[in-house]
Amino acid sequence: MAKFTDKISNLLNSQAPEFVVSEHPKFLEFVKAYYTFMESGELIVTQIENTDGLRLETETTTVSNLVLNASRIDTDRTSLDDGDKILLEDTTYGKFTRGETITGQTSGATSTILTEDLVNGKLYISAQDKFIVGEEILGATSNAKAVVNNYRPNPVNNIQELLNFRDPDKVIFSFLTKFRNEFLNTIPENLDDAVDKRKLIKNIKSVYRAKGTSRGHEVFFKLLFNEESETIYPRENMLRVSDGKWSSSLILKAIATAGETTDLVGRIITGQSSGASARVENVLKFQIGSNEVTEFILNEDSVDGTFTIGEQIIGLATDTDDTYIKANITGIPSSITISNDGQYYNENDSVPITGGGQGAIIQVEAVGRGSITDFIIDNGGSNYEIGDDIVFTNTNTGGGNASAVVSVVNGGFTQEDSSSIVDDHIVLEDETVRGDSYAGNKLVQESGTGTGDITDIRIIGPGSNYITVPTVTVSSSTGSDADIVVNGNEIGRIQKIRIVESGSEYENSPTPPTLDLPVYMIIKDISGSFVADDTVTSVDISSSTITGTIVSFNANTKILKIKNSTGTFTSDVTITADNGATATIAKVDSASATVNVGSTAVTAGVYINQDGHVSETSMRIQDSLYYQDFSYVIKVGRTINDWRNSFKKTMHTSGFYFTGQVNIQSQISAQITSPVEGIISGVSESPIFGIINTLFSTIFGRRLGTIDDGTSLRANPQLGVDPDFDDSTSEHFTPNTRDVTLKRDYTILLNSGYNNLYAITVRGSDYIRGYAYSGPKMGSLDIYNNPFSNRNMFGGGHTNNQLSPVGNVPGSTTNITPWTMESWATHTIQGFVDTSIDGTGVQIRDYAIDNLKTYIAYPTEIQVTFAGQTFDATDITLDETDRTFDATK
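Described in the following lines is the structure provided in the data block.

Quick notes on the rules
Residues numbered from 1 in each chain as written. Predicted model: local features only at pLDDT ≥ 70, side-chain atom pairs only at ≥ 80, totals over all residues. Heavy atoms only, no water. Helix = DSSP H or I, 4+ residues; strand = E, 2+ residues; numbered from the N terminus. Buried < 20%, exposed > 50% of the residue type's maximum accessible area, 1.4 Å probe, protein only. Contact = heavy atoms within 4.5 Å. Areas by Shrake-Rupley, 256 points an atom, 1.4 Å probe, with all protein chains shown as cover. Pairing = 2+ DSSP bridges. Axes fitted to C-alpha atoms, helices over the stretch in contact; angles between N-to-C directions. Expected span 1.5 Å × (residues − 1). Bend = angle between axes of the 7 residues up to and from the residue. Polar contact = N/O pair within 3.5 Å; in protein donor to acceptor, adjacent residues only side chain to side chain. Core = buried A, V, L, I, M, F, W, Y, C linked by side-chain atoms within 4.5 Å. Salt bridge = Lys/Arg side-chain N within 4 Å of Asp/Glu carboxyl O. Phe/Tyr/Trp six-rings, centres within 6.5 Å; stacked < 30°, edge-to-face > 60°.

We now examine the overall build of the chain. Helix and strand counts for the chain come out as 12 helices and 45 strands. Going through the 889 residues of the chain one by one, you find that 33% of them count as buried. Considering only intrachain contacts with a sequence separation of at least 6, the fraction spanning at least 24 residues in the chain is 64%. By element, 49% of the accessible surface of the chain is carried by carbon and sulfur atoms, the whole surface being about 53900 Å².

Pairing is antiparallel across the open sheet formed by four strands, whose spatial order is S21-S20-S19-S22. The strands lining the two open edges of the sheet, one partner per strand, are strand S21 (454-464) and strand S22 (471-475). For this sheet, the mean angle separating the axes of adjacent strands, direction not counted, is 25°. Across eight bridges, the pairing between strand S20 (residues 400-409) and S21 is antiparallel. Paired with Ala404 across the bridge in S21 is Ile459.

This brings us to helix H7 (residues 197-209). Because each turn of an α-helix spans 3.6 residues, side chains separated by three or four positions in sequence point in the same direction. Counted at 1.5 Å a residue, the expected span for H7 with its 13 residues is 18 Å, and the 18 Å between its end C-alpha atoms agrees. At Asn203, H7 is bent by approximately 60°, the largest bend along its length. The set of residues buried in H7 consists of Arg198, Leu200, Ile201, Ile204 and Val207. Packing partners of the buried residues in H7 comprise helix H6 (176-183) and helix H8 (214-225). Its side-chain oxygen placed 3.0 Å from the backbone nitrogen of Arg198, Asp196 serves as the N-cap of H7.

Among the nonpolar cores identified, the biggest contains 42 residues, and Phe375, Ile390 and Phe392 are the most heavily contacted of them. Apart from the residues within four sequence positions on either side, Ile390 is in contact with Phe375, Ala404, Val405, Val406, Ile457, Val472, Thr473, Val474 and Ile484.

Here Glu100 shows up in the loop between helix H4 (76-80) and strand S2 (101-104). Side-chain polar atoms of Glu100 contact the side chain of Thr141, separated by 2.9 Å. Within the structure, Glu100 has its side chain in polar contact with the side chain of Ser142 (distance 2.7 Å).

Looking now at the pattern of salt bridges. Taken as a whole and assessed by the stated rule, the structure comprises 17 salt bridges. A salt bridge links Glu295 to Lys253, with the shortest nitrogen-to-oxygen separation between them at 3.9 Å. Placement of the pair is Glu295 in strand S12 (residues 291-298) and Lys253 in strand S9 (residues 250-258), with a sequence separation of 42 residues. In this pair, the class of Glu295 matches that of Lys253, namely buried. Salt bridges here are not isolated pairs; linked through shared partners, they connect Glu42, Lys122 and Arg152.

This paragraph deals with the packing of aromatic side chains. Under the counting rule described, the total for this entry stands at 18 aromatic pairs. Where Phe221 meets Trp643, the ring centres are 4.9 Å apart and the plane angle is 90°; that geometry is what we call edge-to-face. Of this pair, Phe221 sits in helix H8 while Trp643 sits in the loop between strand S35 (631-636) and helix H10 (644-650), and the two are 422 residues apart along the sequence. There is no split in this pair, since Phe221 and Trp643 are both buried.

Purely spatial values, then, with no claim about function.
What follows is the structure, given as structure tokens:
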């Protein structure tokens with residue numbers, strides 16, 4: 001199949017034979033016009049701008065313009081413009097014309113108008129498939145405007161461009177709907193105006209791959225609303241046991257010899273002799289002794305090789321530097337090996353390090369917990385019995401559930417020549433006690449032969465979780481004076497030692513450095529007082545003298561703490577303090593550990609948050625809906641009703657729960673900034689106080705007065721006056737003037753009877769009707785309709801002829817014209833005696849003269865008819881422009 005790369009109409013001049021070009025130009029022009037038609041497209045447009053033309057007078061509201069008539073003027077141009085309006089000279093935009101170029105204001109696509117049929121909303125243009133439905137097109141010469149509604153290419157052109165229809169970049173815009181239905185079925189049809197749908201179709205696979213991720217959610221809301229979104233996972237604020245995040249660092253310390261080591265953050269350092277390299281994440285500086293030591297925090301994943309102590313490291317501050325920053329690596333404690341864990345140690349016990357360096361801080365980080373293993377009887381007391389309970393005080397020990405009873409009293413038998421400090425009892429042979437249900441193998445005195453002192457204690461339950469030993473007493477009804485101490489071989493054993501500060505220069509002699517761990521021991525047979533900072537001395541079985549300094553002594557647990565020992569203390573030896581106090585070591589288990597010196601070390605680490613702490617206010621207990629592992633929140637500046645359904649179809653992951661949160665897009669600041677610039681005037685004022693002073697310094701008078709209280713109304717009471725800041729000025733307005741005139745209350749006296757012209761009668765003495773009643777009572781109204789009554793207000797014997805419609809001379813009874821009320825509803829009267837209205841009903845208004853008066857209010861009814869319609873009519877609305885409340889009809 002042939003592939004067309006250009007329009008045939010543009011190739012005719014170069015493809016036609018020479019004789020056709022030269023001898024048959026009209027034929028060639030015809031062929032070109034034919035192919036131009038075959039390559040054309042139909043652009044359907046709406047919202048066409050009406051041009052300004054000459055309007056003809058019409059009898060109706062129909063708009064009629066003066067147009068060209070091609071049958072009257074025989075010119076080629078007029079024939080082409082048949083039916084076009086004649087435009088005004090200053091018209092800002094005209095009508096699309098043949099041959100002009102139109103441009104899409106969104107797509108930027110251009111085309112040439114071949115002919116127009118704007119009556120039917122069509123433009124026939126040279127084929128251009130890049131116009132976008134809904135965009136505005138603009139004529140290059142006429143400046144005419146319209147909106148694209150659809151584009152239909154010529155069928156021949158369709159065949160030529162058929163292969164392009166499979167390419168989103170080349171297919172006509174209306175065909176993009178087919179792509180959308182095929183590949184973007186879950187994506188809403190209406191996207192943000194900035195979204196290029198052609199690009200979206202080509203990249204939709206990447207969007208689908210991001211389904212269920214926060215990045216995918218961001219893309220989705222960019223497509224729909226062009227707004228930023230944030231995905232929040234409640235599981236990050238869900239309380240879990242021991243969920244704190246732990247962080248440790250790989251450090252290297254060096255002493256700078258050239259350059260500023262802080263410039264190496266983010267840079268690579270290299271060892272000159274080892275060839276090792278690493279990237280520096282951060283740099284800290286310390287003053288240790290006389291040296292300024294730099295601590296480099298290294299990226300562990302970037303370390304290549306092993307740095308050596310004492311070698312020089314170099315690095316560049318920037319890629320363009322021509323000089324190195326240099327430093328020499330110093331040795332630091334890198335790891336600690338525990339050879340004996342000891343007992344009775346406490347967390348945070350200080351462990352001095354002895355060696356050639358300085359500045360290191362080492363502490364006991366963790367100690368073990370254990371149970372009760374045995375008892376030390378410092379004083380057996382007297383009169384105790386087998387089975388007496390041992391009472392444990394477990395306060396602040398961390399453990400519990402230990403139980404024991406006195407198992408042996410009265411003492412055992414020892415050898416006569418025993419030289420042991422601790423009594424060495426005579427015991428039974430092993431086979432003698434095999435199978436015995438009770439523990440113990442000592443030979444003891446018979447009951448009643450001794451003093452009842454406690455010889456042995458049987459442990460029923462050793463308890464658990466003790467971090468320090470409890471204190472005990474003996475519950476006995478007869479015994480007294482016993483002094484017993486608890487021992488646990490695993491209680492307080494060292495599990496981990498941490499390096500708090502690594503110091504520097506520990507490569508110097510003596511190497512390796514030693515750790516001076518404190519010594520904890522249980523003592524008995526105490527004589528005197530052991531006080532802090534005294535020196536104690538002991539002689540072991542090899543006659544070696546050992547010394548140490550007392551740190552503390554607990555009289556309840558009999559635990560003595562010693563530091564700076566010169567050897568190893570052992571059990572069953574006597575210690576003597578400087579002040580003469582003595583005691584026997586009952587239990588001692590000294591811990592020992594060694595330290596390794598290296599070029600790098602991993603810090604002990606710290607928790608960088610408190611997520612696992614119950615006291616952490618940002619954490620929540622799991623509720624299996626919002627706070628759970630499979631839920632998330634979309635935070636965006638739209639209500640969830642705008643996007644819930646389309647999001648579930650496109651980006652939501654099955655099995656998860658999600659909800660929406662409206663994100664505040666903008667906030668209004670009410671803060672006053674300085675300087676202030678006027679939007680209209682452009683005047684800049686700084687500081688702001690000048691403007692505030694001007695705004696609030698006009699004085700407005702609102703003085704009240706009446707027309708006869710001696711005041712006069714000011715000429716412009718609605719205007720304020722400028723202030724006079726002179727201290728002597730107390731009055732800014734002219735005295736005896738007012739701004740607002742008050743109305744005076746007047747009392748209106750209503751006539752309610754013939755004999756009392758000024759009396760007021762109210763129906764009901766308690767005013768329960770809620771209104772005043774003027775005039776005659778309704779029950780006696782008929783007397784005013786009787787022409788023979790001397791109380792008839794319309795004449796007939798009244799002594800005051802001012803009530804007569806003919807207005808005779810006061811006091812005279814001549815020419816009196818009596819009448820009677822014919823109809824109260826129509827206000828007509830019927831006269832007699834006066835022949836002009838005798839026996840004829842006449843409306844009062846037709847017969848009244850200026851002095852017609854009455855002291856009653858006529859019954860009246862008012863009806864308002866508005867063009868035959870009422871306001872409860874459903875076809876009348878208050879926003880109609882052709883009906884007004886002041887209409888006279």
